[in-house]
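# Coordinate analysis (summary)
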Amino acid sequence: MMVAATIPGTSERIELDTTSDISRVWQTVVWNDPVNLMSYVVHVFREYFGFPRDKAERLMLAVHQEGRAVVAQGAREQMELHARAMHDYGLWATVREAPQ
Amino acid sequence: MTDRLVVLEITRMEAVHLAGLVTQFADLLTETTDATPDDPALARLVPDAYADDADAAREFRELTQRDLLDRRSTDAATVLASLHSVSGPTLVTGDEEALTKIAIIELDADTLGCWLRTLAALRLVLASRLGIVDEADHDDTDPRFGIYDWLGYRLDGLVRAAEGD
C-alpha cells in the first residue's frame, strides 16, 4: 500500500471516506404506541416539522395503521435532532440508515 | 405558534388532583443516571433511538437523556405553577362548594407547550403502570383508568385549542 507512505495520500483517503459518509441517507422513524392521542401526534408533526395539516394527518395515520412512518430523511446528525425532539414530545422515535 | 392565550376552565377539584399527579411525576424525574432507567415508565420517556445498534443507542442516550429529563422537570414545574395559581395551598378537600367551583387558567404559547408535553408524558407513565400495551387494554372498573381517560380528555381539549379548532 503506497497511500500510507505520504501525507497527501493519507489526507486524500480521509477526504474520500468523509464524502462517502455524508452521502449516506438516514431516516427518523416514528413508531406507533397505544397511548399517544391521534390529535396530539398530528399537532406534534405540524408544530415541530411545520407540515401542513393533511401531511401531518397522513403521517399520523401511517404510524397508527402501519405501526411506523418515516417522518424525515437526511444527514444522521439532523435525524438524531429530530428523534430527540420527538422524545421530548413523548413520541417513540428511532434513527436508522435508509434502506437501500 | 402565536401570542394567543388559551383559556382552560378547570374545577378546583381537578386542579388539586392534577397538581398531585404532576408532583408525583416530577419526583420520578429525579433520576440522574446516564444509563437506561430501571423504571419502565421512566425508560419510556427516554427510549432507545437506535433499534439495532446498542452502541449508537447508548451514545445518543448519554448525550440527550439528562437534558430531556431536566426539560420535563421544568415543564412539570411550569404546570404546577399554573395549577397553584388557582388551587391555592389552603384548599380543604372537605369543602365541596369550593372544590367544584370553576377556575380559569390562561396559558400563553410556551406554557401551553409545557402543559401538552406534561399531560402526554403523564399518560405514558400511567399507561406503563397500568400495563397498557395495546389500545384495547382498558378496565372500566379500575378507577386509575378513569384518571388516564380524564388526562386524555384534558390533553385532547388543549391540543384542539392549540390547533385553533
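Computed from a predicted structure; not experimentally measured.

Across its full length, chain A holds four helices and three strands. Helices and strands in chain A line up, N terminus first, as α-β-α-α-β-α-β. Each of the 100 residues in chain A was classed as buried or not, and the buried ones make up 35%. Residue pairs at least 24 apart in sequence account for 64% of intrachain contacts in chain A once pairs closer than 6 positions are excluded.

Along the chain, B:A49 falls in the loop between helix 2 (40-45) and helix 3 (54-87). Since 28 C-beta atoms lie within 10 Å of it, B:A49 is described here as buried. In this structure the C-alpha to C-alpha distance between B:A49 and B:E59, which are ten residues apart in sequence, comes to 9.6 Å. Ignoring any residue separated from it by four or fewer positions in sequence, one finds B:A49 in contact with A:E80, A:A83, A:T94, A:V95, B:A57 and B:F60.

What follows covers the sheet that holds strand 1 (residues 26-31) of chain A. All names here are of chain A. Reading across the sheet, the three strands line up as 2-1-3 and stay open at both edges, with antiparallel pairing between neighbours. In this open sheet, the two edge strands, each paired with only one partner strand, are strand 2 (68-74) and strand 3 (92-97). Recorded for the sheet is a direction-independent mean angle of 25 degrees between the axes of neighbouring strands. Relative to strand 2, strand 1 is paired through six bridges, and the arrangement is antiparallel. Pairing of Q27 across the sheet is with Q73, part of strand 2. Its contacts with the sheet put helix 4 (residues 76-89) on strand 1, strand 2 and strand 3, and the angle it makes with strand 3 is roughly 170 degrees.

Next up on the list: the packing of helix 4 of chain A against helix 3 of chain B. Viewed as axis vectors pointing N to C, helix 4 of chain A and helix 3 of chain B meet at an angle of 35 degrees, and their least axial separation amounts to 10 Å. Judged by the twist between their axes, the crossing of helix 4 of chain A over helix 3 of chain B is right-handed. Across from A:E80, A:R84, A:H87 and A:D88 in helix 4 of chain A, the residues of helix 3 of chain B making contact are B:F60, B:T64, B:L68 and B:R71. A class-by-class count of the residues in the contact of helix 4 of chain A with helix 3 of chain B yields two nonpolar, two polar and four charged.

The next point concerns the interface of chain B and chain A. Counting residues at the interface gives 28 residues for chain B, matched by 18 residues for chain A. Taken together, the elements giving at least two residues each to the side of chain B that touches chain A come down to helix 3, helix 5 (109-130) and helix 6 (143-163) of chain B. The leading source of residues in the side of chain B that touches chain A is helix 6 of chain B, at seven residues. A per-class count over the side of chain B that touches chain A returns 17 nonpolar, two polar and nine charged.

So, about helix 1 (residues 12-28) of chain B. Residue and element names in this part refer to chain B. An ideal rise of 1.5 Å per residue puts 24 Å on 17 residues; helix 1 measures up with 24 Å between its terminal C-alpha atoms. Among all positions in helix 1, only R12, E14, A15, L18, V22 and F25 are buried. Buried residues of helix 1 fall within an arc of 135 degrees about the axis and therefore sit on the same side. Set apart from the buried face of helix 1 by more than 90 degrees, the exposed residues are G20, Q24 and D27. For helix 1, the secondary structure elements touched by its buried residues are strand 1 (6-11), helix 3, helix 4 (96-100), strand 2 (102-107) and helix 5.

Checked against the element boundaries, A:E80 lands in helix 4. Taking the C-beta count within 10 Å as the criterion, A:E80 has 21 such neighbours and is therefore assigned buried. In this view, A:E80 contacts A:V95, B:A49 and B:F60; residues no more than four positions away in its chain are not counted.

The next point concerns the environment of A:A83. Within the fold, A:A83 resides in helix 4. Once the C-alpha coordinates of A:A83 and A:V71 are considered, the two residues, twelve residues apart in sequence, prove to be 9.8 Å apart. If we skip the residues at most four places from it in the chain, A:A83 touches A:T28, A:A93, A:T94, A:V95 and B:A49.

A few words now on the confidence of the model for chain B. Residues and elements named next belong to chain B. For chain B, mean pLDDT is 90; residues scoring 70 or higher make up 93% of the total. Within chain B, the lowest mean pLDDT, 76, falls on helix 4, and the highest, 97, falls on helix 5. Scored by ipTM, the complex comes to 0.91, with pTM at 0.87.

The rules behind these values
Here the residue index of a chain counts from 1 through its sequence in written order. Lettering of chains starts at A and numbering of ligands starts at 1, both following the order in which they are written. Confidence filtering applies because this is a predicted model: local features only for residues at pLDDT of at least 70, side-chain atom pairs given and counted only at 80 or more, and all residues used for totals across whole chains, interfaces and linings. Only DSSP runs of H or I with at least four residues qualify as helices, and only runs of E with at least two residues qualify as strands; both kinds are numbered from the N terminus onward. The exposure label follows from counting other C-beta atoms within 10 Å of a residue's C-beta, where the C-beta atoms are placed from the backbone and the thresholds are 20 or more for buried and 12 or fewer for exposed, leaving partly exposed in between. Contact between residues is assigned whenever the C-beta positions, reconstructed from backbone atoms, fall within 7 Å. DSSP calls a pair of strands paired once it identifies at least 2 bridges connecting them. Lines fitted to C-alpha atoms define the axes here, with helix axes fitted over just the stretch in contact, and angles between the N-to-C directions of these axes take values from 0 to 180 degrees. Two helices that cross are described as forming a left-handed crossing if the nearer one is turned anticlockwise from the farther one by less than a right angle, and a right-handed crossing if clockwise. Charged residues are taken to be Asp, Glu, Lys and Arg, nonpolar residues to be Ala, Val, Leu, Ile, Met, Phe, Trp, Tyr, Cys and Pro, and polar residues to be all remaining types, Gly included. To estimate how far a helix should extend, the number of its residues minus one is multiplied by 1.5 Å. Summarising the geometry, the arc corresponds to the directions from the helix axis toward the C-beta atoms. Per-residue confidence from the predictor is given as pLDDT, running between 0 and 100.

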